[in-house]
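So the chains spell out like this:
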Amino acid sequence: MKDVFHNLIGSESIFKNREVLSHSYIPDILPHREKQIEELAKILAPALKGENPSNVFIYGKTGTGKTAVAKFMGKQLVNKGEELKIATNFVYINCEIVDTQYRVLQNISNHFIRKWEERVPFTGWPTDEVYSKLVETIDRTGGVTIIVLDEVDKVKDDEVLYNLSRINYDLKKARASIIGISNDLKFTEFLDPRIKSSLGQENVVFPPYTADELADILIERATIALKENSLEENVIPLCSALAAQEHGDARRALDLLRVAAEIAEREGEKKITERHVKIAENKIELDRVNEIVKTLPVQSKIVLMSAIIGNESYDDLTTGDLYEIYKDLCKISGISALTQRRVADLISELDMLGIITARVISKGRYGRTREIEVFSPDKIKETIEKSGDLPDLKDYKPKLQSKLL
DNA sequence: AGTCCACAGGAAGGGCAGGCGA
DNA sequence: TCGCCTGCCCTTCCTGTGGACT
């Protein structure tokens, strides 16, 4: 039998250390975040002297280095603690995954619980008991504890933020500081004023990176991640320019470089070129869209399919036209149709996800509506068809409704 | 200037599922 | 196990709206 892996393992890799370009990697140097690191250090330093540290609220858009800096600070603090022989702990919770009061408290508690002790179960304890256990374990550990709540706006119950932000009042010996991270700049506006004042004692803002700053970050990482001479001159400027267009998103810049490198490697080339970056850009966008489409509920898939079919049949697809097609598709699929009001909302949701554009336009006498257009319809169609949620629609042709046709 | 279209989109409330405490 | 609460999805009803047409 043919050795199918031969070519893939045999070819020389472009990577020295692939991990360095992944999201989870925390580098030793964080370029262009010196100011934020210094600010955070000033805020957290009192903890090492046995004083109550302030709670901090960090905000900035995705890929501005918030999480990386927070984790970096944790690492630094633990090192410093060891040096000064002060117990220091760092707990990181991603509130997108751990999003209820109980689970947040449970996760932090279990971080401190000793091997032979009973862990706080997934469910079953009264919430206040979990909180008491948490206070007890932090106090027993002593020293300084930094609790990072990443994506803190995803927490379903504000009460946990209130409790945690005031935990120093309940601690007898130990000290704790809460770092809340959010990319929703308006998050604090809607917070209970009690939480706002205790959680946001200090605010640190992470501005988006500029293209030049992104280039520095990429150079830093590429030096560790990739072999020498594996980059064509224009690759890093292109990656950083594309990511800067987005909103200075370092994560996107790293993704572009990583995927471009993977493509180049698969093609058996020794150098990453601009062409690889362009392919990477398309691939990332398509993967994102496919991922979203796959996880859409059936009704949204039918709406999306209606939009695609509508785009093929109408020059300017309006909400009304789409709804007619949608009703047909529901009938064919044997699914009960939603009202036009609800479908209008589903259209808005798809618009917000960036899969379609729905622009409000006025056709004067012929009313006000939205003009709907689908991005990369062929690929989306393929994804929906593969999902098997809808029957075969090859023979379906919409009855054209629009008065303006 | 007024009319009128085809919706947009807000408000209110029903139905249902899941979580939670007793 | 039961009742209550909450959040989500959805419907119904409604008012508002931009601009072509009269």
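In this text the structure is predicted, and so the values were computed from the model without any measurement.

A. Main features of the protein's contact with DNA strand C. Close to DNA strand C lie Ala-337, Leu-338, Thr-339, Arg-341, Arg-342, Ser-362, Gly-364, Arg-365, Gly-367 and Arg-368, which account for all nearby residues. Interatomic distance of 2.8 Å between a side-chain N/O atom of Thr-339 and a phosphate oxygen of DNA strand C. One nitrogen or oxygen atom from the side chain of Ser-362 is found 3.0 Å from a base nitrogen belonging to DNA strand C.

B. Looking closely at the packing of aromatic side chains. Going through the model one piece at a time under the given rule, you end up with 2 aromatic pairs. Residues Phe-57 and Tyr-59 carry aromatic rings whose centres are separated by 5.5 Å and whose planes lie at 45° to one another, so their mutual orientation is tilted. Look at Tyr-323 and Tyr-326: their rings are 5.7 Å apart centre to centre, the planes differ by 25°, and that puts the pair in the stacked class. One end of the pair is Tyr-323 and the other is Tyr-326, both in helix α14 (residues 319–333) and 3 residues apart, which spans about a single turn. Here Tyr-323 matches Tyr-326 in class, with each residue buried. Directly above the aromatic system of Tyr-92 lies the positively charged group of Lys-71, at a separation of 4.4 Å from the ring centroid.

C. Structural view of the environment of Gly-180. Its place among the elements puts Gly-180 in strand β4 (residues 175–182). The buried category is assigned to Gly-180, whose relative accessible area is 0%. Linking Gly-180 and Phe-57, residues 123 residues apart in sequence, is a C-alpha distance of 4.8 Å. Those residues in contact with Gly-180, other than ones at most four positions away along the chain, are Val-56, Phe-57, Ile-58, Leu-149 and Val-152.

Reading the values: the criteria
Residues numbered from 1 in each chain as written. Chains lettered and ligands numbered in written order. Predicted model: local features only at pLDDT ≥ 70, side-chain atom pairs only at ≥ 80, totals over all residues. Heavy atoms only, no water. Near = heavy atom within 4 Å. Polar contact = N/O pair within 3.5 Å; in protein donor to acceptor, adjacent residues only side chain to side chain. Phe/Tyr/Trp six-rings, centres within 6.5 Å; stacked < 30°, edge-to-face > 60°. Helix = DSSP H or I, 4+ residues; strand = E, 2+ residues; numbered from the N terminus. Buried < 20%, exposed > 50% of the residue type's maximum accessible area, 1.4 Å probe, protein only. Lys NZ or Arg CZ within 6 Å of the ring centre and 35° of its normal. Contact = heavy atoms within 4.5 Å.

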